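A closer look at the structure
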Amino acid sequence: MAVSAAAQESVEAAPASPEAALQRLMDGNARYVNNAAVNTDHSVTRAARAQGQQPFAAIVTCSDSRVAPELIFDQGPGELFVVRVAGNFISEEGLATLEYGVAVLGIKTIVVLGHTACGAVEATIASINDRELPPGHLPSLVNAIRPAVYEVMDSAPDDLLAASTAQNARRNAELAKTEGPILSEAYTAGTLNAVAGIYEIATGRVTML
């Protein structure tokens with residue numbers, strides 16, 4: 001089966017810079033939004049993937065089942081290094097994972113991707129309002145997201161959930177740029193960037209913050 005030019009480029013061409021990597025993601029999202037995806041035949045590069053991985057970007061995203069980074073950015077298997085946790089925050093383990101992606105795999109951009117109607121952020125807001133932590137291990141999620149909520153609460157936004165979701169993504173994108181030594185050194189050297197974005201579930205569109 002013939003492979004389209006766009007799909008072949010996706011398979012073969014690695015972005016040369018963080019800016020190019022981000023542009024490739026946004027171009028892919030535009031295709032996804034317009035129902036014009038090119039990465040639909042995942043058998044094309046199966047043999048090549050067996051030899052190793054060469055992802056060009058890392059996506060830190062929520063575990064929400066409606067958020068699928070390879071679909072959202074129209075990228076094939078092996079092209080994105082994905083870190084998932086409810087609330088899309090970067091834990092110590094997440095930092096180590098991203099460091100591996102940068103130092104060993106050579107990823108050039110990190111996108112911390114929040115999304116509309118995030119249940120983890122909503123639960124954090126409810127916990128703050130009710131002055132009560134949820135059961136089990138859920139407090140670890142609430143405690144990680146809580147600072148972002150506090151940072152926007154005083155401004156009394158019309159939509160606290162949306163404002164908190166955006167701030168949570170921004171805080172963690174900043175962490176991905178400043179945490180040393182591996183990530184901060186790569187950022188300072190200009191070989192890595194980290195940005196925050198919001199995925200709108202209803203439209204499929206990603207907006208960078």
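What comes next concerns the included structure.

Calculation criteria
- Residues numbered from 1 in each chain as written.
- Predicted model: local features only at pLDDT ≥ 70, side-chain atom pairs only at ≥ 80, totals over all residues.
- Heavy atoms only, no water.
- Axes fitted to C-alpha atoms, helices over the stretch in contact; angles between N-to-C directions.
- Helix = DSSP H or I, 4+ residues; strand = E, 2+ residues; numbered from the N terminus.
- Parallel < 35°, antiparallel > 145°, perpendicular 65-115°, else oblique.
- Contact = heavy atoms within 4.5 Å.
- Buried < 20%, exposed > 50% of the residue type's maximum accessible area, 1.4 Å probe, protein only.
- Polar contact = N/O pair within 3.5 Å; in protein donor to acceptor, adjacent residues only side chain to side chain.
- Core = buried A, V, L, I, M, F, W, Y, C linked by side-chain atoms within 4.5 Å.

Observations concerning the packing of helix 8 (residues 160-178) against helix 9 (residues 182-189)
Look at helix 8 against helix 9: their axes get within 5 Å of each other, and the N-to-C directions meet at 85°. In terms of their interaxial angle, helix 8 and helix 9 are classed as roughly perpendicular. Residue-level inspection shows Ala176, Lys177 and Thr178 of helix 8 in contact with helix 9, the latter providing Leu183, Ser184 and Tyr187.

Concerning the environment of Ala58
Summarising the element assignment, Ala58 is placed in strand 1 (residues 57-61). Overall, Ala58 belongs to the buried group, its relative accessible area being 0%. Those residues within four positions of Ala58 in sequence are excluded, and the remaining contacts are Phe81, Leu98, Ile107, Thr109, Ile110 and Val111.

Describing the side chain of Asp64
Along the chain, Asp64 turns up in the loop between strand 1 and helix 4 (69-72). Residue class for Asp64 comes out buried when judged on its relative accessible area of 15%. Among the polar contacts made by the side chain of Asp64, one reaches the side chain of Arg66 at a distance of 2.7 Å. Contacts of Asp64, omitting those with residues within four sequence positions, involve Arg84 and His115.

So, the nonpolar core
By size, the foremost hydrophobic cluster in this structure holds 20 residues, and its most contacted members are Val60, Ile90, Leu98, Ile110 and Leu183. Going through the elements one at a time, strand 1, strand 2 (80-84), helix 5 (92-103), strand 3 (109-115), helix 8, helix 9 and strand 4 (193-199) are the ones with two or more residues in this core. Beyond its immediate chain neighbours, meaning those up to four positions away, Leu98 contacts Ala58, Val60, Val83, Ile90, Ile107, Ile110 and Leu183. With 15 residues, the next largest nonpolar core counts Phe73, Val111, Val195 and Val206 among its residues.

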